[in-house]
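Tertiary structure, described
The residues making up each chain are set out below.
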Amino acid sequence: MRFDAHMHVGDFPMFGVSLDAPGLRVAMSEAGIDDGVVFHPDNDLAERAVNEIGNVHALFWANPRKDDVVAECSRFLASQEFVGVKLHPLLDGYHPNDPLVHPIMELLREQGGAVLIHCGHPIFTLPWSIEELVVEFPDVPVILGHMGHGNIIYINAAIDVAERQANVYLETSGMPMHTKIREAVGRVGRERVLFGSDTPFHDPLVELLKVQRSGLSDEDLEWVLGRSAEKLFLRR
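Residues numbered from 1 in each chain as written. Predicted model: local features only at pLDDT ≥ 70, side-chain atom pairs only at ≥ 80, totals over all residues. Heavy atoms only, no water.

A word on the layout of surface pockets
- A volume near 330 Å³ is recorded for the largest pocket.
- Around the largest pocket sit 18 residues that line it, and Pro41, Asp42, Asn43, Trp61 and Lys66 are the ones nearest its centre.
- Among the elements of the structure, helix 2 (43-53), strand 5 (57-61), helix 3 (69-77) and helix 4 (89-92) are those that each provide at least two residues to the lining of the largest pocket.
- Computed from the structure, the second largest pocket encloses a volume of approximately 210 Å³.
- Contributing to the lining of the second largest pocket are 16 residues, with Phe15, His88, His118, Asp198 and Phe201 lying nearest its centre. (1 Å grid on protein atoms, 1.4 Å probe; cavity = no way out; pocket = protein on both sides within 12 Å on 5 of 7 lines; lining within 4 Å. Points joined across faces, edges and corners; volume = space filled by probe spheres on them. Helix = DSSP H or I, 4+ residues; strand = E, 2+ residues; numbered from the N terminus.)

Overview of the packing of aromatic side chains
- Under the definition given, this model contains 7 aromatic pairs.
- Note on Phe3 and Phe233: the rings are 5.8 Å apart at their centroids and 10° apart in plane angle, and the pair reads as stacked. Taken together, the positions of Phe3 in strand 1 (residues 3-8) and Phe233 in helix 10 (residues 218-234) put the pair 230 residues apart, joining distant regions of the chain. Comparing Phe3 with Phe233 shows no difference in burial state: the two are buried.
- Here the aromatic residues Phe12, Phe15 and Phe201 are joined through ring pairs into a cluster of three or more.
- Arg75 extends its terminal NZ or CZ atom over the ring of Phe76, reaching a point 4.5 Å from the ring centre.
- Its end group placed over the ring of Trp61, Lys86 keeps NZ or CZ at 5.7 Å from the ring centre. (Phe/Tyr/Trp six-rings, centres within 6.5 Å; stacked < 30°, edge-to-face > 60°. Buried < 20%, exposed > 50% of the residue type's maximum accessible area, 1.4 Å probe, protein only. Lys NZ or Arg CZ within 6 Å of the ring centre and 35° of its normal.)

This is how it looks when you write it as structure tokens:
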């Protein structure tokens, strides 16, 4: 089982990338990805993509600045297709521990599900800022998307946060240092390190090779490439 914990679908004009549901299906097939989670700020679009592709699930993109976000989030999480929440404090412009975020976290506490938070860019998505939210909700699984991204200070900090906080998971996409994946597994355990591609922002085959070349044992690879995310999102 290969499970991609970080996939996008739809248009992202700011970044000059776009991927429709058939294109995502092809990308998954080429990389041997069996399942995964997909998201877009337009949650209806993500839901349509899930229904079209069939073997993927979705995360609800929650912008806490919107008045109806909790009701909408609850409605989507009630469906089998949606298995958690995506937060992007950088793009949507809020601090991770802003009180506006707390009702979303409380909903996850009640209905179940993990939250994937973009991690690795000032000013809103640095690991220490996200940790402020983590300690407020120790019973909600929090995934640090990109595990610090491209800055070694933030990568190290993301691993530090996961080591301190038992409800924190690390996701590998966009983080360039393959050796840090092995370090993360050694420090926080293979069950809390998740493979992600960040397609179409990154190539799934490249992201997959990075994990495969990280120096993990075959058993650890099996967990990072699929079993960890399957257990977290699908509770299997």
